[in-house]
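What follows is each chain in one-letter form.
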Amino acid sequence: MFRAWNYGAGPSVMPLEVLEEAQREFTDYNDTGISIIEMSHRSADFDAVAKDAEARLRRIMDIPDNYRVLFEQGGGRGQFAAIPLNLLPEDGHADYFVTGHWSRCAYRECAERYGKAILHECVEKNAQGEYFINYDRMQVTEGATYAYACLNETVNGIEMFELPDTGDVPLIVDMSSNILTRPVDVRKFGAIIFGAQKNVAPAGLTVTIVREDLIGHARKYCPSVLDWQVLSSYDSMYNTPNTFSWYMAGKVFKWIENLGGVKALEERNIRKSTLLYDYIDSTDFYCCPIERKDRSRVNCVFTLKDESLNAEFLERAKRQHLIGLKGHKVLGGMRASIYNAMSVEGVEVLVDFLRCFEIDHRA
Ligand SMILES: *Cc1c(COP(=O)(O)O)cnc(C)c1O
């Protein structure tokens, strides 16, 4: 079997064991004679899959009982609309702490369509030209309904390791790309949303973990499929959920439990990202334009000092079966996504590649 090294940002690498287990079960799930994707979402077999996945997620994230877990569709972008539609009164306002591409998209979705969003630009450049998060700018304004942040900016390679103090104002966060890569205390958030396709499952599943008291305030015209109250009262089966993705998510949660949980993955992710950043910092051939403290552990953004080598870099990487290294189109440069399912070996292979490419191109 051939497997490439996949550093793509999403949909992205999945644990091989999970793919193989799904493959074994694919045509005949649990002796039913049908595939999981051919099965009613209301069947006993799927119900068991659904409940098992939720129970595992609750265990690995230590989600308190007063939080609901909703399995939805519509992606991260769908939740950018769902958040104001579920929380923000017509005459209310919300604070958006913008640290990169995705928090800016969330801000714009709210501001341009649903109501008053206050923009807080929270990334600055230091004297060396590196980006850093200025947490002092994350101040809630008087009377805000909620505050919003993206804990890992997938495109920019910036991760928030601190949280702003928002007092009684619920903090709503997007963790699409760093969910389950390190422990977080769910109690600190009003809601956590994530699209599954970066760290958890195939695309098409979005999870919302939301504190109960924040449910039931949706605007009258909020589409039912985005209304957290509706989803919650139907156990996420108001309409047909993405059954395959939900099933795959359950397998990934089990894989995480078997590895020792989120804490063990955090240690591995620190090791992986340190390997990569240490190498990049050790040479002036490559450059990471972000202050060390704010660098993402899962999306490593870097540039070649000589940008005219970009095409050759990507071409050679591809020939050696290292794929998905091209940066997001809004930023250019390179990006290596090294999510939970990327092994330490995968990062060592990448560092080796960077070193060899550099040696061959040193002036
Ligand atoms: C990928 C991503 C999104 C967008 O998700 P879609 O499912 O494509 O809507 C939003 N936020 C973050 C942090 C992401 O990484």
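Preceding this section is the structure that the text describes.
Everything numeric here is computed off the predicted structure, so don't read it as measured data.

### Some points on the sheet that holds strand 16 (residues 334–337)
Phase 1 of the analysis: Pairing within the open sheet is antiparallel, and its three strands lie in the order 13-14-16. Each edge of the sheet is formed by a strand with only one pairing partner; in this case those strands are strand 13 (286–287) and strand 16.
Phase 2 of the analysis: Against the sheet, helix 7 (residues 261–281) makes contact with strand 13, strand 14 (299–304) and strand 16, and its axis sits at roughly 20 degrees relative to strand 14, the strand it touches most.

### Some details on empty space enclosed by the protein
Phase 1 of the analysis: What the rule picks out here adds up to one cavity of 30 Å³ or more.
Phase 2 of the analysis: The computed volume of the largest cavity comes to approximately 40 Å³.
Phase 3 of the analysis: What lines the largest cavity is V13, M14, P15, K198, N199, V200, V252, W255, Y339, N340 and A341.
Phase 4 of the analysis: When its residues are assigned to classes, the lining of the largest cavity shows eight nonpolar, two polar and one charged.

### As for the sheet that holds strand 12 (residues 206–211)
Phase 1 of the analysis: Taken in spatial order, the seven strands of this open sheet run 2-12-11-10-7-3-4, and their pairing is mixed. A strand with exactly one partner marks an edge of an open sheet, and here the two such strands are strand 2 (67–72) and strand 4 (116–121). The average angle at which neighbouring strand axes cross in this sheet is 20 degrees, direction not considered.
Phase 2 of the analysis: Sheet topology places strand 11 (residues 191–195) next to strand 12; five bridges connect them, and they run antiparallel. The partner of I192 across the bridge, within strand 12, is I209.
Phase 3 of the analysis: Across the sheet, helix 3 (residues 75–87) touches strand 2, strand 3 (93–98), strand 7 (147–150), strand 10 (171–174), strand 11 and strand 12, and the angle it forms with strand 12 is around 25 degrees.

### A word on the site of the ligand
Phase 1 of the analysis: As a matter of local geometry, the ligand sits amid 13 residues, with R77, T154, D174, Q197 and K198 nearest to it.
Phase 2 of the analysis: Between the ligand and the protein, one listed contact pairs an oxygen atom with a backbone N or O atom of R77 at 2.8 Å.
Phase 3 of the analysis: One nitrogen or oxygen atom from the side chain of Q197 is found 2.9 Å from an oxygen atom belonging to the ligand.
Phase 4 of the analysis: Look at the ligand: alone it shows 390 Å² of surface, and the protein chains cover 85% of it.
Phase 5 of the analysis: Grouping the amino acids of the shell around the ligand by side-chain chemistry returns three nonpolar, seven polar and three charged.

Thresholds, definitions, all that
- Residues numbered from 1 in each chain as written.
- Predicted model: local features only at pLDDT ≥ 70, side-chain atom pairs only at ≥ 80, totals over all residues.
- Heavy atoms only, no water.
- Pairing = 2+ DSSP bridges.
- Helix = DSSP H or I, 4+ residues; strand = E, 2+ residues; numbered from the N terminus.
- Contact = heavy atoms within 4.5 Å.
- Axes fitted to C-alpha atoms, helices over the stretch in contact; angles between N-to-C directions.
- 1 Å grid on protein atoms, 1.4 Å probe; cavity = no way out; pocket = protein on both sides within 12 Å on 5 of 7 lines; lining within 4 Å.
- Points joined across faces, edges and corners; volume = space filled by probe spheres on them.
- Nonpolar A, V, L, I, M, F, W, Y, C, P; charged D, E, K, R; others polar.
- Near = heavy atom within 4 Å.
- Polar contact = N/O pair within 3.5 Å; in protein donor to acceptor, adjacent residues only side chain to side chain.
- Areas by Shrake-Rupley, 256 points an atom, 1.4 Å probe, with all protein chains shown as cover.

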